[in-house]
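Notes for the structure review
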Number of protein chains: 2
Amino acid sequence: MATTSFKEKIKGIGGNPSYEVKARVLRGHLEAKIPQGLQLPLALLEDPPLDVTHIPETCGLLTAQELAITELDATAVCQKIAADELTAVEAVTAFGKRAAIAHQLTGCLTDFFLDEGIEQARQLDEYFKKEGKVIGPLHGLPISVKVSVSSPNMQSSILNPRRPQAHYRIKGTVGFAGFLVNVETSTEDCDMTSILRSLGAVFYVKTNQPQSIMHLESKSCYSRVLNPHNTDLTAGGSSGGESALVAMKGSCMGIGTDGGGSIRCPSAHCGIYGIRPSSRTTPSHGTLWYQHGQDGVFPSTGPMCRSARDMRLFLEAVLGANPSHRDPDALPIPLKVPDLTQKKLRVGIMMHDGVVMPHPPTIRALKFLKEKLEASSEVEVVNYTPYDHDRGYSIIRELYYEDGGATVRHILEESGEDMHPLTEWVISPPYVKNHDAAQIWKLRDLRDTYRREYSDHWWSQNVDVVVCPPFQGTASPHDTTRYWSYTAIWNLLDYPGAVFPTGLVADTAIDLYLESPSPMSAADEYNISLYDAAIFKGAPVSLQTVSRKFNDGLVLAAQDLIERILQS
Amino acid sequence: MATTSFKEKIKGIGGNPSYEVKARVLRGHLEAKIPQGLQLPLALLEDPPLDVTHIPETCGLLTAQELAITELDATAVCQKIAADELTAVEAVTAFGKRAAIAHQLTGCLTDFFLDEGIEQARQLDEYFKKEGKVIGPLHGLPISVKVSVSSPNMQSSILNPRRPQAHYRIKGTVGFAGFLVNVETSTEDCDMTSILRSLGAVFYVKTNQPQSIMHLESKSCYSRVLNPHNTDLTAGGSSGGESALVAMKGSCMGIGTDGGGSIRCPSAHCGIYGIRPSSRTTPSHGTLWYQHGQDGVFPSTGPMCRSARDMRLFLEAVLGANPSHRDPDALPIPLKVPDLTQKKLRVGIMMHDGVVMPHPPTIRALKFLKEKLEASSEVEVVNYTPYDHDRGYSIIRELYYEDGGATVRHILEESGEDMHPLTEWVISPPYVKNHDAAQIWKLRDLRDTYRREYSDHWWSQNVDVVVCPPFQGTASPHDTTRYWSYTAIWNLLDYPGAVFPTGLVADTAIDLYLESPSPMSAADEYNISLYDAAIFKGAPVSLQTVSRKFNDGLVLAAQDLIERILQS
């Protein structure tokens, strides 16, 4: 197998000459923002090791104190700042510097504005000094945010911004909705960044996502995001910039969006934590997107982080700010984290979805966890049978592009951006087709019928939560991810799900097919063909905890318990 | 003006000969179910008075005890049964007999199955005797239910039932979704009737609704529903059968649905109480409908009754049964009824919507209430300015029929049912047009944008609730209702709203235009042209209390307070 150079591997999406001119300017602006003092040696970047996670510690660009700060999770950062043991400026400086290093090794950023972050942190420190208290529960916490942001007006002259539309607007900075053509200068914060800002969060970077924001990988006009544990593998997507950055410890709290797995897949692939809350409970108004009004399934916004407790910190803080006050589409459903010492938690184990068998490392991890749980007196373990996941997956795929992908094709043509093969795949028949009004109603009725049947099925299984694979294996080789159902099925159902690292990694020696597998489906055949133990070396193995719609608090509580049993 | 005969006035929708045969059978079945002993004298039915509300008391068909029982509101019925002062059989018998009388005078029913109701009540009485307690909070309460129900299989042979689809299924009975062609024999309860049944409710009648379920009047293949206070006027729609029945005291608790005003308009027109809860909080799964999957706006289901406390009784009981357990589309948002003694309620008064000026009786009632409120120390009164209601109304009209009305036309053609002029109106351009996928997204984006702007506007007005007209006047003459915005605007926004009688009625002597009104719009010109004080004689004048989405409990609390001040 010919080895691809690192430079080639990390390269962004190409296009026609006019596109290339614009893309070069975009990338140049970003490169220019990485301070010289944080640039890694060219020799290292020519041929870095496959596992780049240790480079921040060994490269000599960070002080011991900075390295220590970046080891903290978000809860610890907030606690230390509130206890006057750490300043907001120290925190954002440490994470910001490490983010710059992470970016050079993984392509995780689309903007870097540490100076603004430090200024914001300085004001928070002043407030703390003057008032003797924090401004909010996230006082001084540096938070990385999905999708390109930069200084006001910088790129508007070159990039023909269209109607403002896409993820996580931050006032005065630039964002994009998955395509070069829709880069925009935001004139205001979206609800999420506005709420986080009011809670005391500090912004310093925005992170990469794929073309169309609809791949479970992350290659955009900026760059391709590489998995820090093995750069031959994807960091996942669409919040792949976040997962790579958090895994590199260039952030302890990132914000992603998830419409088909875009928080959970990248979190799983990079060995971090991430939760997709029930949709419309967390703020989503004002994020950037290119199909406004497409309301057949709602994406959800949530945290990506390095500890289970950080998911709770985030959700409690954000929901505590009452997003439905400003957003008429947000649901004021309280987060109730139950006390699991009162009643034995019933955990369903779903080994596979009946369509695609996960690769050996994932099956090994699931069996390992199952044994641990079975040995515990704190939970009751049952086998969970999936309910027609193939049908559900085909419904959600059809829902994503009810116009048959016409909007996407038009957007790409407008700027001359090459269509990535995974974009072509996601907007192509048989699932994706053009619909008239009656066909859209019919499709949405199929969705509702499936949801109802699934709800009945769930109750028949007598479980509180289900533990299942978050993906049909560990992180994939680049440009190969074509099956989303391990996460997307829960999007269709709108069941909250959290992913967590098991602590296991793919092992070339033991993760082998014991016998030649018999495919359950065409998708399974494809998945089997992707497997070669050597390729996945070092990839973290993660699992997913799911519960019924709006039982987000139960997912958090179950997650804590499962993790405690796993580590016992 | 030629006087229409009563028989002509109450007649249902016609059609081609094949339709007429089927409709005759339907109507015949219903007529045959009214026991002979409850039939009013033919002479009376030849030419009843315009106001028929007193006939149940004077006709001699009800005993003094039955008349006394039917004076009770639902809360009192439940209390008396629980206190062993009344049996469930006595309750349903009294309301059932009065319902049969009401039907002959108003055309309010589509099915009558008192025998089944009595049998259900008998079992509940037995349970109570044996267990010494009620089975649930609605133990023994007779509840009337919107839309045709009858005995199993009765009509399936003649009516070519299509795929089951429409309001309030009750197991073993027949229902219809607004057209003769979709009469069906239901094989199971919908969620609402199933939950009500489990709470102890007793079913005995189903009530009429208009063709298409999309008029604010109620003329169907069965009959036209007449306003009991003045049969030259409509009882409102689409839950017009319920409003006429409850106003006639043939029911103390009816269930309606509201997608554009269908609970509030008929309640207002007949001088009863009704609340449209925030959508998807109350059960709606399994109701009959003909455009499944049409999810641009959601109808809401709620009570129609004779006291403000009954609205609370219903919502607390139904929400307490946790509808989201079985319905994945239901929202588990708790009903919080605030204590208004702690903080002064800010009441916004909206005299008109800036598009259509209500008729003199409504303006008189609103001014009367405003003066009362201003004189009270318990509330703070402010003027509420509407926000671009014309835009909102045009959006929701477009959302109702995204297929340009093709489904409705097809359904009518299938059975040869005549298209009612109000059906033609509601599916016609300019608002209604066919949409492709991108146009549907665009429309829904317009909806979301309007909702967001309205939310900002609401906060800028500094109000807790708004009191406004529920309609551009009192009940209208038949076949004239073409402006829904006083209710439909709140459907688009999904703001809960309750209507309540002011105790005032339209008065020929004083409800006059003092000067010739200048129309604000074409719709206003039409509304002015409809007004002649003599026509509206005796019509109840009602008002509407509205609050922000999910503030259903605040609407209930405000309603109580406003009513107390009104009656002081």
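Residues numbered from 1 in each chain as written. Chains lettered and ligands numbered in written order. Predicted model: local features only at pLDDT ≥ 70, side-chain atom pairs only at ≥ 80, totals over all residues. Heavy atoms only, no water.

**Observations regarding the overall build of chain A**
When helices and strands are tallied, chain A shows 21 helices and 13 strands. Whereas a compact globule of 568 residues would reach a radius of gyration of roughly 24 Å, chain A reaches 22 Å, a difference of no more than 12%. Seen along its three principal axes, the alpha-carbon backbone of chain A occupies a region of about 55 × 55 × 50 Å. Relative to its full complement of 568 residues, chain A shows a buried share of 65%. Pairs at least 24 apart in sequence give 80% of the contacts found in chain A among residues at least 6 apart. Here chain A has roughly 19400 Å² of accessible surface; of this, 53% comes from carbon and sulfur atoms. Taking the average location of the 53 positive side-chain charges in chain A and that of its 66 negative ones, the two points are 2 Å from each other. (Helix = DSSP H or I, 4+ residues; strand = E, 2+ residues; numbered from the N terminus. Rg over C-alpha atoms; globule rule 2.2 N^0.38 Å. Buried < 20%, exposed > 50% of the residue type's maximum accessible area, 1.4 Å probe, protein only. Contact = heavy atoms within 4.5 Å. Areas by Shrake-Rupley, 256 points an atom, 1.4 Å probe, with all protein chains shown as cover. Lys, Arg positive; Asp, Glu negative; His and termini not counted. Charge placed at Lys NZ, Arg CZ, Asp CG, Glu CD.)

**Remarks on the nonpolar core**
Nonpolar side chains tend toward joint burial in soluble globular proteins. Within the largest apolar cluster, 96 residues are counted, with the highest numbers of intra-cluster contacts made by Val77, Leu138, Leu141, Ile143, Leu196 and Leu345 of chain A. For this core, the leading source of residues is helix H7 (residues 88-106) of chain A, giving 10 residues. Setting aside chain neighbours within four positions, we find Leu141 of chain A in contact with Ala74, Val77, Cys78, Ile81, Gly200, Ala201, Val202, Cys252 and Met253 of chain A. Formed by 93 residues, the second largest nonpolar core is a distinct cluster that contains Leu67, Cys78, Val225 and Met304 of chain B. (Core = buried A, V, L, I, M, F, W, Y, C linked by side-chain atoms within 4.5 Å.)

**Examining the interface of chain B and chain A**
On the side of chain A, 40 residues touch chain B, which itself brings 40 residues to the contact. For the pairing of chain B and chain A, the buried interface totals around 3300 Å² over both sides, and the portion due to carbon and sulfur atoms is 54%. When the buried area of chain B at its contact with chain A is split by residue, Pro328, Trp441 and Arg452 of chain B rank highest and sum to 24% of it. Inspection of the region where chain B meets chain A yields six salt bridges. In this structure, Arg444 of chain A engages Asp295 of chain B in a salt bridge whose closest nitrogen and oxygen atoms are separated by 3.1 Å. At the junction of chain B with chain A, the criterion picks out 22 residue pairs in polar contact (both at pLDDT 80 or more). No other element matches the 12 residues that helix H18 (residues 437-461) of chain B contributes to the side of chain B that touches chain A. Along the lines of polarity and charge, the residues of the side of chain B that touches chain A split into 11 nonpolar, 11 polar and 18 charged. (Buried area = accessible area lost by both parts, 1.4 Å probe. Salt bridge = Lys/Arg side-chain N within 4 Å of Asp/Glu carboxyl O. Polar contact = N/O pair within 3.5 Å; in protein donor to acceptor, adjacent residues only side chain to side chain. Nonpolar A, V, L, I, M, F, W, Y, C, P; charged D, E, K, R; others polar.)

**Comments concerning the pattern of salt bridges**
Tallied over the full model, the rule gives 64 salt bridges over all chains. Each of the salt bridges in this network shares a partner with another, and the network as a whole consists of Asp295, Glu402, Arg444, Arg447, Asp448 and Arg451 of chain A together with Asp295, Glu402, Arg444, Arg447 and Asp448 of chain B.

**Considerations on the packing of aromatic side chains**
Taken as a whole and judged by the stated rule, the model has 34 aromatic pairs over all chains. Aromatic side chains Tyr483 of chain B and Tyr486 of chain B sit 6.2 Å apart centroid to centroid with 70° between the ring planes, which places their arrangement in the edge-to-face category. Ring pairing ties together the aromatic residues Tyr384, Tyr387, Tyr450, Tyr454, Trp458, Trp490 and Tyr495 of chain A, which thus form one cluster. The ring of Trp425 of chain A carries the charged tip of Arg397 of chain A above its face, separated from the ring centre by 4.1 Å. For Arg280 of chain B, the ring lying beneath its charged end belongs to Phe298 of chain B, and the centroid distance is 3.6 Å. (Phe/Tyr/Trp six-rings, centres within 6.5 Å; stacked < 30°, edge-to-face > 60°. Lys NZ or Arg CZ within 6 Å of the ring centre and 35° of its normal.)

**Quick look at unusual backbone geometry**
Residues and elements named next belong to chain A. In the segment running from Gly237 into Ser238, the intervening peptide bond is cis, with an omega of 5°. For the bond running from Pro429 to Pro430, omega is 5°, close enough to zero to count as cis. When you line up the elements, Pro430 lands in the loop between helix H17 (421-426) and helix H18 (437-461). At Ile213, a position not held by glycine, the phi torsion is positive, near 60°. Positionally, Ile213 belongs in the loop between strand S5 (202-207) and helix H11 (240-247). Given the relative accessible area of 4%, Ile213 is considered buried.

**Description of the pairing of strand S7 (residues 273-276) of chain A**
Residue and element names in this part refer to chain A. By the alternation rule, side chains of S7 split into Tyr273 and Ile275 and Gly274 and Arg276, which are all buried. Summarising the sheet, S7 and strand S8 (residues 300-305) pair through two bridges and their orientation is antiparallel. Considered in S8, the bridge of Tyr273 is made with Cys305. As paired strands, S7 and strand S12 (residues 497-505) are joined by three bridges and run antiparallel to one another. (Pairing = 2+ DSSP bridges.)

**Overview of helix H15 (residues 389-400) of chain B**
All names here are of chain B. Here H15 is 12 residues long and its end C-alpha atoms lie 17 Å apart, about the 16 Å a rise of 1.5 Å per residue gives. The element H15 is extensively covered by neighbouring structure, given that nine of its 12 residues are classed as buried. Those residues of H15 that fall on the buried side of the exposure criterion are His389, Gly392, Tyr393, Ile395, Ile396, Arg397, Glu398, Leu399 and Tyr400. (Expected span 1.5 Å × (residues − 1).)

**Looking at the environment of Glu57 of chain B**
Summarising the element assignment, Glu57 of chain B is placed in helix H4 (residues 55-58). Linking Glu57 of chain B and Arg98 of chain B, residues 41 residues apart in sequence, is a C-alpha distance of 9.3 Å.

**As for the packing of helix H13 (residues 308-320) of chain B against helix H21 (residues 552-567) of chain B**
Residues and elements named next belong to chain B. For the pair H13 and H21, interaxial distance at closest approach is 9 Å and the crossing angle is 165°. Considering the angle they form, H13 stands roughly antiparallel to H21. Relative to H21, H13 is oriented so that their crossing is left-handed. Packed against H13, whose contacting residues are Ala308, Met311, Arg312 and Leu315, the element H21 presents Leu556, Gln559, Asp560 and Glu563 at the interface. Partitioning the contact of H13 with H21 into residue classes produces four nonpolar, one polar and three charged. (Axes fitted to C-alpha atoms, helices over the stretch in contact; angles between N-to-C directions. Parallel < 35°, antiparallel > 145°, perpendicular 65-115°, else oblique. Left-handed = near helix turned anticlockwise from the far one by under 90°.)

**Concerning the relation of the copies chain B and chain A**
The two copies are related by a screw motion: chain B maps onto chain A through a turn of 180° and a shift of 0.0 Å along the axis, at an RMSD of 0.0 Å. Taken together, the rotation angle and the small translation identify this as a two-fold axis. Looking at the rotation axis and the C-alpha trace of chain B, the residue lying nearest is Asp436 of chain B, at 2.3 Å. Mapped onto chain A, 100% of the interface residues of chain B are again interface residues, and the two copies thus contact each other with one and the same surface. (Least-squares fit on C-alpha atoms with pLDDT ≥ 70 in both.)

**Let's talk about the sheet that holds S7 of chain A**
Residue and element names in this part refer to chain A. Taking strand neighbours across the sheet as the criterion, the 11 strands line up as S1-S5-S2-S6-S8-S7-S12-S13-S11-S9-S10 in an open arrangement whose pairing is mixed. Each edge of the open sheet carries a strand with a single partner, namely strand S1 (109-112) and strand S10 (379-383). Each neighbouring strand pair of the sheet contributes to a mean axis angle of 25°, computed without reference to strand direction. Against the sheet, helix H13 (residues 308-320) touches strand S6 (253-258), S7, S8 and S12, its axis set at about 140° to S8. Of the strands in this sheet, S7, strand S9 (345-349), S10, strand S11 (465-468), S12 and strand S13 (540-546) touch helix H21 (residues 552-567), which is tilted by about 15° from S12.

**Notes on the sheet that holds strand S11 (residues 465-468) of chain B**
Residue and element names in this part refer to chain B. Spatially, the 11 strands line up as an open sheet ordered S1-S5-S2-S6-S8-S7-S12-S13-S11-S9-S10, and their pairing is mixed. Edge positions in the sheet fall to strand S1 (109-112) and strand S10 (379-383), since each of these pairs with one other strand and no more. If you compare each strand with its neighbour and ignore which way they point, the axes differ by 25° on average. Here strand S12 (residues 497-505) pairs with strand S13 (residues 540-546) via six bridges, running antiparallel. Across the sheet, Val505 pairs through a bridge with Pro540, a residue of S13.

**So, the side chain of His478 of chain B**
Residue and element names in this part refer to chain B. Structurally, His478 is set in the loop between S11 and helix H19 (485-493). We classify His478 as buried; its relative accessible area is 15%. Within the local environment of His478, its side chain forms a polar contact with the backbone oxygen of Leu233, the two atoms lying 3.4 Å apart. Those residues in contact with His478, other than ones at most four positions away along the chain, are Lys9, Glu217, Arg224, Val225, Leu226, Thr231, Asp232, Leu233 and Thr234.

**Thoughts on the pairing of strand S2 (residues 142-146) of chain B**
Residues and elements named next belong to chain B. Across the five residues of S2, five count as buried, placing the element largely inside the fold. Burial along S2 is two-sided: the face carrying Pro142, Ser144 and Lys146 and the face carrying Ile143 and Val145 are both buried. Summarising the sheet, S2 and strand S5 (residues 202-207) pair through four bridges and their orientation is parallel. Bridging across to S5, Val145 finds its partner in Lys206. One ladder, built from two bridges, connects S2 with strand S6 (residues 253-258); its direction is parallel. Bridge assignment links Ser144 to a residue of S6, and that residue is Gly254.

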